[in-house]
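# Structural description and commentary
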There are 2 protein chains.
Amino acid sequence: MEKFFGKNSIKFEPQSVEVVFNNTTKCRLCFEQDVENYSGISVNFDDKLIGMNIKIVCVGKLKEKYFKDAIAEYKKRLSRFAKVSIVQVPDEKAPEKFSAAEDERVKQIEGERILSKIKDKEYVYVTAIKGKQRSSEEFAKEIQDLATYGHSDITFVIGGSLGTSDAVNKRGDDLISFGKLTMPHQLMRVVLIEQIYRAFMINSGSPYHK
Amino acid sequence: MEKFFGKNSIKFEPQSVEVVFNNTTKCRLCFEQDVENYSGISVNFDDKLIGMNIKIVCVGKLKEKYFKDAIAEYKKRLSRFAKVSIVQVPDEKAPEKFSAAEDERVKQIEGERILSKIKDKEYVYVTAIKGKQRSSEEFAKEIQDLATYGHSDITFVIGGSLGTSDAVNKRGDDLISFGKLTMPHQLMRVVLIEQIYRAFMINSGSPYHK
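For every chain, the first residue of the written sequence is number 1, and numbering continues from 1 along that sequence. Labels are handed out in written order, letters beginning with A for the chains and numbers beginning with 1 for the ligands. pLDDT decides what is reported in this predicted model: residues at 70 or higher carry local features, side-chain atom pairs at 80 or more are listed and counted, and totals for whole chains, interfaces and linings draw on all residues regardless. Calculated side-chain values reflect all of the structure's heavy atoms, with hydrogen atoms and water omitted.

- As annotated in an unreviewed UniProt entry, chain A is Ribosomal RNA large subunit methyltransferase H from Lactobacillus helveticus CIRM-BIA 953.
- UniProt positions are given in the numbering used here, feature names are shortened, and annotations may be inferred rather than shown by experiment. For chain A, the Sequence similarities (unreviewed entry) comment in UniProt is given as "Belongs to the RNA methyltransferase RlmH family."

In structure tokens:
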């Protein structure tokens, strides 16, 4: 299979990937075995072939063992496609009864912690109920397109129980919603990482997603 | 607190519930301790006060321990509000490559198994991507209303990996969607049971849902 981007192209063979830039082969990666698919590979046309980094930034420690185990499983499965890191920033203790101002303060502090974990080059999805919903296929296509056009660092933000601050939403390249319902942010992590895994499986033509 | 339905009413006290039908007290339940809330109680105005039954009918066995544990935890938490049962019907083996006719056959067989587990009196939600999405608050309100108007048996159906048959959708009193994305039906069970638990917590005024 060969993909063209103007004068540039990427040629995929079972045992190699070849990057052609301005009609010149710039890079060739060979493998000893057949490679099932390459959907986790993204190409920078400044002469480098690099893997994809998926980062999930979230607030608060995961307490429940079953959620931890589920995330560990999907993280392991995803590792054939991308380097995955999950970064937890501390949540900010909040009083039982919230005033709007206290809400804002908590979101802002948590937001600063989130932003401190994000570099300029990262493409950032912020999860938010009011964000745009995608089908799994649409989401997979977006990830594919981001990878193809050189975004090798994709970051997802899951806010704390109050949501994300304006500053975080502003830093986001896109707001993404997984439905109208409110979920515990712990369970949201499972749903998100499964969707990311599903996206790579869809892009690799696997029957995982039917 | 007293709720009125025409000449009928339900009176809630910390240690009792009283059902008044046609200006006559028909039923009084007393408790030894203060009861925090009664959101799991529904009333049949033919003289019986009965608890709510929540049933989840799904296809195939749950393999992953972490999903099993998550569901067991929410089932336990829900038990203060309702009797919860999870009924698994066998999935139908399907060939690797599906034709539309084979898809239909698998859905139909699984559908018959699902329908065999549902009684006439049950109010049935069928989960389907194309169903109507609700916010958690709207969903909680619906459950509340169903309980109030005598639906003490609420059943949720999660189809197999191909979805539900037309017969199942037709039996459904409502189609409910939890978002545009496709989820493994195992994970869907976790999301669903958490939403049901959340609905009861919202209805009981708990700070679980903020």
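Once the structure has been displayed, the description carries forward.
### Describing the interface of chain A and chain B
- In what follows, residue pairs with any heavy atoms lying within 4.5 Å of each other are defined as contacts. Every contact between the two is made by 31 residues of chain A and, on the other side, 31 residues of chain B.
- At the boundary of chain A with chain B, total buried surface from both sides reaches about 2500 Å², with 60% on carbon and sulfur atoms.
- Salt bridges, as used here, are contacts in which a Lys or Arg side-chain nitrogen is within 4 Å of a carboxyl oxygen on Asp or Glu. Across the pair lysine 180 of chain B and glutamate 138 of chain A runs a salt bridge whose closest N-O atoms are separated by 3.5 Å.
- Polar contact is defined as a pair of N or O atoms within 3.5 Å, subject to the rule that within protein one atom must be able to donate a hydrogen and the other to accept it, and that residues adjacent in sequence are counted only when both atoms are side-chain atoms. Our enumeration of links across chain A and chain B arrives at 10 residue pairs in polar contact (both at pLDDT 80 or more).
- Where helices and strands are cited, they refer to DSSP runs of H or I of at least four residues and of E of at least two residues respectively, numbered from the N terminus. Among the elements of the structure, helix 1 (65-78), helix 3 (136-148) and helix 5 (185-203) of chain A are those that each provide at least two residues to the side of chain A that touches chain B.
- For the side of chain A that touches chain B, the element with the most residues is helix 1 of chain A, which contributes 7 residues.
- Partitioned by chemical class, the residues of the side of chain A that touches chain B number 13 nonpolar, 8 polar and 10 charged. Buried area is understood as the total, over both parts, of accessible area removed when two parts are fitted together, assessed with a 1.4 Å probe. Each residue gets one label: Ala, Val, Leu, Ile, Met, Phe, Trp, Tyr, Cys and Pro are nonpolar, Asp, Glu, Lys and Arg are charged, and the others, such as Gly, are polar.

### Describing the packing of aromatic side chains
- Each Phe, Tyr or Trp ring, with Trp reduced to its six-membered ring, pairs with another whose centre is within 6.5 Å; inter-plane angles below 30 degrees give stacked pairs, above 60 give edge-to-face pairs, and intermediate values give tilted ones. Tallied over the full model, the rule gives 18 aromatic pairs over all chains.
- With a centroid separation of 6.0 Å and 65° between ring planes, the pair formed by phenylalanine 139 of chain A and phenylalanine 156 of chain A is classed as edge-to-face. Here phenylalanine 139 of chain A is found in helix 3, whereas its partner phenylalanine 156 of chain A is found in strand 9 (residues 153-158), with 17 residues between them in sequence. Like phenylalanine 156 of chain A, phenylalanine 139 of chain A is buried.
- Between tyrosine 74 of chain B and tyrosine 197 of chain B the ring centres are 5.9 Å apart and the planes differ by 50°, which places this aromatic pair in the tilted class. Whether a residue is buried, partly exposed or exposed follows from its accessible area with a 1.4 Å probe, protein chains only, as a fraction of its type maximum: under 20%, in between, or over 50%, in that order.

### With respect to the pattern of salt bridges
- All told, the structure shown has 28 salt bridges over all chains when counted by the stated rule.
- Measuring nitrogen to oxygen at the nearest pair gives 2.5 Å for the salt bridge that ties arginine 134 of chain A to aspartate 174 of chain A. Pair noted here: arginine 134 of chain A is in the loop between strand 8 (123-133) and helix 3 and aspartate 174 of chain A is in strand 10 (residues 174-177), with a separation of 40 residues, a long-range link.
- For glutamate 92 of chain B, the salt bridge is made with arginine 105 of chain B, and the minimal N-O distance between the two is 3.7 Å.

### Brief notes about the relation of the copies chain A and chain B
- Expressed as a screw operation, the relation of chain A to chain B combines 0.0 Å of axial shift with a rotation of 180°, fitting to an RMSD of 0.1 Å. Here the transformation between the copies is reduced to the relation of a two-fold axis.
- Comparing interface residues between copies, 100% of those in chain A also lie at the interface in chain B; the contact surface is shared. Only residues with pLDDT of at least 70 in both copies count here: their C-alpha atoms drive the least-squares fit that superposes the copies.

### Looking at the nonpolar core
- We define a nonpolar core as any set of buried Ala, Val, Leu, Ile, Met, Phe, Trp, Tyr and Cys residues linked to one another through side-chain atoms lying within 4.5 Å. Formed by 78 residues in total, the largest nonpolar core has its most connected members in Phe156 of chain A together with Phe156 of chain B.
- Residue contacts for phenylalanine 156 of chain B: discarding those within four places in its chain leaves Ile54, Lys55, Ile56, Val57, Tyr125, Phe139, Ile143, Leu192 and Ile196 of chain B.

### Let's talk about the UniProt feature "binding site: S-adenosyl-L-methionine" (unreviewed entry) in chain A
- Residues given the UniProt feature "binding site: S-adenosyl-L-methionine" (unreviewed entry) here are Gly159, Phe178, Gly179, Lys180, Leu181, Thr182 and Met183 of chain A.
- In this structure, leucine 181 of chain A sits in the loop between strand 10 and helix 5.
- Its location among the elements puts methionine 183 of chain A in the loop between strand 10 and helix 5.
- If we ignore the near neighbours within four places in the chain, the residues touching methionine 183 of chain A are Met188 and Val191 of chain A together with Val191, Glu194, Gln195 and Arg198 of chain B.

### Side note on the sheet that holds strand 9 (residues 123-133) of chain B
Residue and element names in this part refer to chain B.
- For two strands to count as paired, DSSP must find a minimum of two bridges between them. The strand order across the open sheet built from 5 strands is 8-7-10-9-11, with neighbouring strands paired in parallel fashion. Edge positions in the sheet fall to strand 8 (83-89) and strand 11 (174-177), since each has one partner strand and no second. Strand after strand, the sheet turns through a mean of 30° between neighbouring axes, direction not considered.
- As paired strands, strand 7 (residues 53-59) and strand 10 (residues 153-158) are joined by 6 bridges and run parallel to one another. Note that in strand 10 the partner of isoleucine 56 across the bridge is phenylalanine 156.
- In the packing of helix 2 (residues 100-115) onto the sheet, contacts are made with strand 7, strand 8 and strand 10, and the angle to strand 7 comes to roughly 160°.
- Convention adopted: a line fitted to C-alpha atoms gives each axis, helices being fitted over their contacting stretch, and angles between N-to-C directions are expressed from 0 to 180 degrees. The sheet strands contacting helix 3 (residues 136-148) are strand 9, strand 10 and strand 11, and the helix crosses strand 9 at an angle near 160°.

### What about helix 2 of chain B?
Residue and element names in this part refer to chain B.
- Taking 1.5 Å of rise per residue, 16 residues should cover 22 Å, and helix 2 covers 22 Å from first to last C-alpha, within 8% of that figure.
- Those residues of helix 2 that sit buried are Val106, Lys107, Glu110, Gly111 and Ile114. The buried residues of helix 2 occupy an angular sector of 135° when the element is viewed end-on, so they sit on one face. Those residues of helix 2 that are exposed and aimed more than 90 degrees away from the buried face are Ala101 and Glu112.
- Next to the buried residues of helix 2 lie strand 7, strand 8, strand 10 and helix 4 (166-171). Expected helix span is taken as 1.5 Å per residue step, with the number of steps being one fewer than the number of residues. Working definition: the arc comes from the directions between the helix axis and the C-beta atoms, pointing outward to the latter.

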